[in-house]
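Given next are the chains, with one letter for each unit.
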Amino acid sequence: MRHILITGGAGFIGSHVVRLFVNKYPDDEIINLDKLTYAGNLSNLSDLEGKPNYKFIKADISDYDAIRKIFETLKIDGVIHLAAESHVDRSITDPFSFAKTNVIGTLNLLQSAKDAWRENYEGKLFYHISTDEVYGALNFNESRFTEETRYDPHSPYSASKASSDHFVRAYHDTYGLPVVLSNCSNNYGPYQFPEKLIPLFINNIRYNKPLPVYGKGENVRDWLYVEDHARAIDLIFHRGRVGQTYNIGGGNEWKNIDLIKLLIKTTDRLLGREMGASEKLITFVTDRAGHDLRYAIDASKLRNELGWTPSLQFEEGIDQTVRWYLEHQEWLDSVTSGEYQNYYRRMYGE
Ligand code: NAD
Ligand code: TYD
């Protein structure tokens, strides 16, 4: 039995990766390690409780002693590292917690893996999940980010992720640690914390609350359905070449304002409202400081080497996503009220 440590498994993307791995690989033990910050919602994985190949550990990756102990006691073969502070707006007001978790936390995992594996790297892999935001911002006429694009992060969030990427590569180059990295574009889908654009706006439309559009809404993001990201992670973990980086993206660029109009159209239709009725909720607000203009990913390396392609058309994915949030209003309510934070105590009695 292989022991796979997934960090940040109670978060948005992590929960999809943990579910995929627990169900697809019954002979592997999947260990979900998460601090359960405000972004960690263990109830997202309630369907996995009691499965023999699933284990949850509450721990903070910035606690070196705790992480070392976990590597010493559990025979970890592979790491899929997703735990991070992930919201750009929070990084602007609290950059230190981004450095602590994203940089020091990653370093703690690398050092613990290196020491536990003692240069016997046969069958071992450290997979680091990163973001396209490390490449900086594109103009409208510039070509998409490739794996060779120079790093140029602008927000404390992207600077902390860039730094963690550099540490991962340094551990490969210096100590021979078997690593693989991927840098993905913006994800959307079920279980995303409603501080990010898509779930926040669906919830606000539902409750007729203002939709705060930063600046003129002209920034462009490249959106990918979260389960397509999870499938890419599965492929890269099992078949990616050691030492390599893979870009993951949907080839699906949307200007924020156009995406917001699509969300309004879809949500109004599903709520039985007059088409476009909620456009009056659009409220242009002060732009985000250092707001990157455009992200766009060239995922041809992943497509050519490992045969990955996104499975969903965006309009279809948005339709499914809006339906999911409207049908899971109790999930959104438990998150916005903070009730979700009681789940761990109820289940694990701590
Ligand atoms: P998220 O904020 O939803 O989840 C992060 C998880 O990490 C939470 O469960 C949280 O409790 C946990 N965590 C935070 N600090 C921790 C700590 N110190 N110790 C242990 N656990 C801790 O984030 P997400 O959107 O699921 O993103 C997951 C990863 O994917 C991140 O590394 C992020 O940079 C990367 N990524 C995200 C996107 C996106 O669009 N969401 C795109 C590309 C890459
Ligand atoms: P977000 O979901 O925070 O992801 P990221 O900053 O990592 O790309 O934001 C997506 C885009 O939407 C980004 O250009 C900022 C913009 N945005 C708004 O206009 N209003 C909002 O309330 C939020 C949360 C984001």
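All of the points below concern the structure found in this document. Note that the coordinates shown come from a computational prediction; the quantities given were computed from them, not determined experimentally.

**What about the site of ligand 1?**
Taken together, 28 residues lie around ligand 1, and Ile 13, Asp 34, Ser 86, Tyr 157 and Lys 161 are the ones closest in. Taking Lys 35, its main chain carries an N or O atom lying 3.0 Å from a nitrogen atom of ligand 1. Contact between ligand 1 and Asp 60: a nitrogen atom at 2.8 Å from a side-chain N or O atom of the residue. Look at ligand 1: alone it shows 840 Å² of surface, and the protein chains cover 97% of it. Listing elements by their share of the shell around ligand 1, those giving two or more residues are α1 (12-24), β5 (125-131), α5 (156-175) and β7 (186-188).

**Considerations on the pattern of salt bridges**
All chains considered together, the criterion is met by 17 salt bridges. For Glu 29, the salt bridge goes to Lys 55, with nearest N and O atoms at 3.9 Å. Taken together, the positions of Glu 29 in strand β2 (residues 29-34) and Lys 55 in strand β3 (residues 54-58) put the pair 26 residues apart, joining distant regions of the chain. Assessed through its relative accessible area of 31%, Lys 55 is described here as partly exposed. The shortest N-O distance in the salt bridge between Asp 77 and Lys 124 comes to 3.6 Å. Here Lys 124 lies in the loop between α4 (95-117) and β5 and Asp 77 lies in the loop between α2 (64-73) and β4 (78-81), a separation of 47 residues in the sequence. Through salt bridges with shared partners, one network takes in Arg 68, Glu 72, Lys 114 and Asp 115.

**Side note on helix α11 (residues 329-337)**
Burial in α11 covers these residues: Gln 329, Trp 331, Leu 332, Ser 334 and Val 335. On the buried face of α11, the contacting elements are α6 (197-206) and α10 (314-327).

**Focus on the sheet that holds strand β9 (residues 220-225)**
Strands pair in a sheet through their backbones, by hydrogen bonds, and they do so in one of two ways: parallel or antiparallel. Spatial ordering of the open sheet is given by β7-β9-β11, a layout of three strands whose pairing is mixed. Sheet topology places β7 and β11 (253-255) at the edges, where each strand pairs with a single neighbour. Here the average twist between neighbouring strands, direction ignored, is 50°. Direction of pairing for β9 relative to β11: antiparallel, over a ladder of three bridges. Its bridge partner lying in β11, Arg 221 is registered against Trp 254.

**Side note on the sheet that holds β4**
Sheet architecture is open: seven strands sit in the order β3-β2-β1-β4-β5-β6-β10, paired in parallel fashion. In this open sheet, the two strands that pair with only one neighbour each are β3 and β10 (245-248). Strand-to-strand twist of the sheet, defined as the mean angle between neighbouring strand axes without regard to direction, takes the value 20°. Pairing between β4 and β5: four bridges, direction parallel. The residue of β5 that forms the bridge with Ile 80 is Tyr 127.

**Quick notes on the pairing of strand β1 (residues 3-7)**
Each regular strand shows side chains that alternate between the opposite faces of the sheet. Judged by how many residues are buried, β1 sits mostly within the fold: five of five residues are covered. Of the two faces of β1, both are covered, the one formed by His 3, Leu 5 and Thr 7 as well as the one formed by Ile 4 and Ile 6. As paired elements, β1 and β2 share five bridges and run parallel to each other. Bridging from a neighbouring strand, Thr 7 pairs with Leu 33 of β2. On the question of chirality, the crossover connecting β1 to the parallel β2 by way of α1 is right-handed. Bridging between β1 and β4 involves four bridges; their strand directions are parallel. Note that in β4 the partner of Ile 6 across the bridge is Ile 80.

**What about the environment of Gly 217?**
Tracing the chain through its elements places Gly 217 in the loop between β8 (211-214) and β9. In this structure, Gly 217 is in contact with Lys 255, Asn 256, Ile 257 and Phe 284, ignoring residues within four places of it in sequence.

**A few points about the site of ligand 2**
Ligand 2 sits among 17 residues. The nearest are Glu 133, Pro 212, Arg 221, Arg 288 and His 291. At 2.9 Å from an oxygen atom of ligand 2 is found a main-chain nitrogen or oxygen belonging to Tyr 214. Between Arg 221 and ligand 2, the recorded distance is 2.8 Å, taken from a side-chain N or O atom to an oxygen atom. Against a free-state accessible area of 510 Å², the protein chains account for coverage of 96% of ligand 2. Taken together, the elements giving at least two residues each to the shell around ligand 2 come down to α6 and β8. Grouping the amino acids of the shell around ligand 2 by side-chain chemistry returns seven nonpolar, five polar and five charged.

Procedures and definitions
Residues numbered from 1 in each chain as written. Chains lettered and ligands numbered in written order. Predicted model: local features only at pLDDT ≥ 70, side-chain atom pairs only at ≥ 80, totals over all residues. Heavy atoms only, no water. Near = heavy atom within 4 Å. Polar contact = N/O pair within 3.5 Å; in protein donor to acceptor, adjacent residues only side chain to side chain. Areas by Shrake-Rupley, 256 points an atom, 1.4 Å probe, with all protein chains shown as cover. Helix = DSSP H or I, 4+ residues; strand = E, 2+ residues; numbered from the N terminus. Salt bridge = Lys/Arg side-chain N within 4 Å of Asp/Glu carboxyl O. Buried < 20%, exposed > 50% of the residue type's maximum accessible area, 1.4 Å probe, protein only. Contact = heavy atoms within 4.5 Å. Pairing = 2+ DSSP bridges. Axes fitted to C-alpha atoms, helices over the stretch in contact; angles between N-to-C directions. Right-handed = clockwise from strand over helix to strand, strands pointing away. Nonpolar A, V, L, I, M, F, W, Y, C, P; charged D, E, K, R; others polar.

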